[in-house]
Amino acid sequence: MIASKPIPDGSFRVGVGRQKAWGVQMATAFFFGEAGAGLYFVAQFFDFMSGMVVGLLLVLFGKAGGHALHLGQPLRGWRALTKVRTSWVSRGLAAILLFVVTGALHILDTGLHVLPAVLSPLVAALALAACFVIMVYQGFAMSHSTAITLWSGGLMPVASLTYALLNGVLLTLVLGFDEPFLAQGPETVRLLQVAAVALMLYGLVTVSSLLHGARHASEAGRESVAMLLHGGFARWFVPLVIGAGFVVSALTMLVAPPAFAWMLAVAGLELTGYYAFRVLMFKAGGYDPALSFAYRFRH
Amino acid sequence: MAKWGMVFDLRRCIGCNACAVACKQENSLPDGVFFTKTLSEEVGEYPDVRRTYVPTICNHCEDAPCESACPTGATSTRPDGIVMVDRDKCIGCGTCIVACPYDQRTRLEPEMLNEGLFGGGRLTPFEEQGIGRFTVGTVVKCTFCHERVDAGQLPACVATCPTEARIFGDLDDPHSRPRQLIRERHGRQPLPEKNTNPRVFYID
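For the structure given in this document, a descriptive report is provided here.

Conventions used here
Residues numbered from 1 in each chain as written. Chains lettered and ligands numbered in written order. Predicted model: local features only at pLDDT ≥ 70, side-chain atom pairs only at ≥ 80, totals over all residues. Contact = placed C-beta atoms within 7 Å. Helix = DSSP H or I, 4+ residues; strand = E, 2+ residues; numbered from the N terminus. Nonpolar A, V, L, I, M, F, W, Y, C, P; charged D, E, K, R; others polar. Pairing = 2+ DSSP bridges. Axes fitted to C-alpha atoms, helices over the stretch in contact; angles between N-to-C directions. Parallel < 35°, antiparallel > 145°, perpendicular 65-115°, else oblique. Left-handed = near helix turned anticlockwise from the far one by under 90°.

What follows is about the interface of chain A and chain B. Every contact between the two is made by 37 residues of chain A and, on the other side, 46 residues of chain B. Sorting the residues of the side of chain A that touches chain B by element identifies helix H3 (88-112) and helix H12 (294-298) of chain A as the ones contributing at least two each. Residue composition of the side of chain A that touches chain B, by class: 17 nonpolar, 13 polar and 7 charged.

Shown next as structure tokens:
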């Protein structure tokens, strides 16, 4: 008899190791977190009820669901609240809980006026603050890990915030297209379109800078970027993240007439690019060799 | 209180992997899980080619990034410097795995414990006696064989190494063997740029 599972090739060699702890489930949770929080954030500025509800549900079911699927022991998930002092994951969970409670209260208050006048702005502000934390904490959770050069650059939280705002603006344009604040305000549509293009350009520069920094930071960073731009992941990263997510969607938004189908197409392109970004950043993350200098310091 | 640490002598390591076998036996590790690995690397160009061996293990870092990243407090450092994982607190989020620069942590997937070495869900007697030590979905790592250390013994890998390439002892004691070796042969920590202050040193 022989062992059922052969040892993966390369796992006993000195070299860059690939991270496998965070995969598609975690990427999906991140995707829904930043899409939902971004949508809620933008929708609250316009008192756009449907947007706020959808944003809250995306965070509650999409993000929390993705995390629950990822966890090895999901029933103990509440324990993740116990290390807010040092852990970004813990801070994120606290923000999600605060957001779900205050966001739901704010939505109820907007529709039914259930809160006293003195509490209403406080709850709205708390919901917005918690929402903002969800928009950025995933970037901090990743950049906190100095182990993986591709993630550890300081630009990861900026990328998270940019993507979250961009998702929020585009989803607001789609979901609120027939709502009075957009249907009767072409200048508001134009403003959101300009904001979307600006965020796409900013996002493109942020992602490019992130890759540039990683490439020159370490051996693992160089390999990760090579995989994304020239290696096995290039056929996904370049056309989806860069092409569909930024370039094509920005050009389409610039020339598109303010019609629902066009807004939907741009949002679809951008969200596809963003999901690809989340998955590929996890897939391409790598550890530096623990002792690559073993030979060099001998000689 | 001692601060336990280890020194790897790269001149002595012959890549026999007896340490890995002893570790798996001592800790009843399931198939596919290693607390220590001896990596190999070919260097040079023909005809001057050499193979070097690099033993790796959890470095029990003084500033352990896995501990600060852990959202539940499951990872903690004992007063003697050994970094532990409490399987009753671990939720299996993997944050410690991506925080560890040395890739020394493993999450126990169901198939690792249930499938058995030879497949088909039939566990060997060795696997059956060891399965109670583990909880599916939680993270495991080297503990310097803390039960042996508490009993005054050496970690299994150190006791087994036939060339004495692994030297274990109190890093706070200036007269201990690891401290002497680090001092005399300029011991180096792995990836010092990560600022984790590992308690494992390499000498050559």
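Let us look at the pairing of strand E3 (residues 48-57) of chain B. Residue and element names in this part refer to chain B. Bridge count between strand E2 (residues 36-45) and E3: 10 bridges; the pairing is antiparallel. Bridge pairing in E3 places Ser-40 opposite Tyr-53. As consecutive antiparallel partners, E2 and E3 are separated by 2 residues.

Residues and elements named next belong to chain B. The strand order E8-E1-E9 describes an open sheet built from 3 strands, whose pairing is mixed. Each edge of the open sheet is held by one strand with a lone partner, namely strand E8 (166-170) and strand E9 (200-203). Neighbour to neighbour, the strand axes of the sheet diverge by 25° on average, direction disregarded. As defined by bridge partners, strand E1 (residues 4-9) adjoins E8 across 5 bridges and the pair is classed as antiparallel. Counted as the bridge partner of Met-6 is Phe-168 from E8. Packing of helix H8 (residues 177-184) onto the sheet brings it into contact with E1, E8 and E9, and relative to E8 it is tilted by some 115°.

Residues and elements named next belong to chain A. Direction vectors running N to C along helix H1 (residues 24-45) and helix H2 (residues 49-70) enclose 165°, while the axes themselves pass 7 Å from each other. The angle between H1 and H2 falls in the class roughly antiparallel. Handedness of the H1/H2 crossing: left-handed. When grouped by side-chain class, the residues that make up the contact of H1 with H2 number 14 nonpolar, 11 polar and 1 charged.

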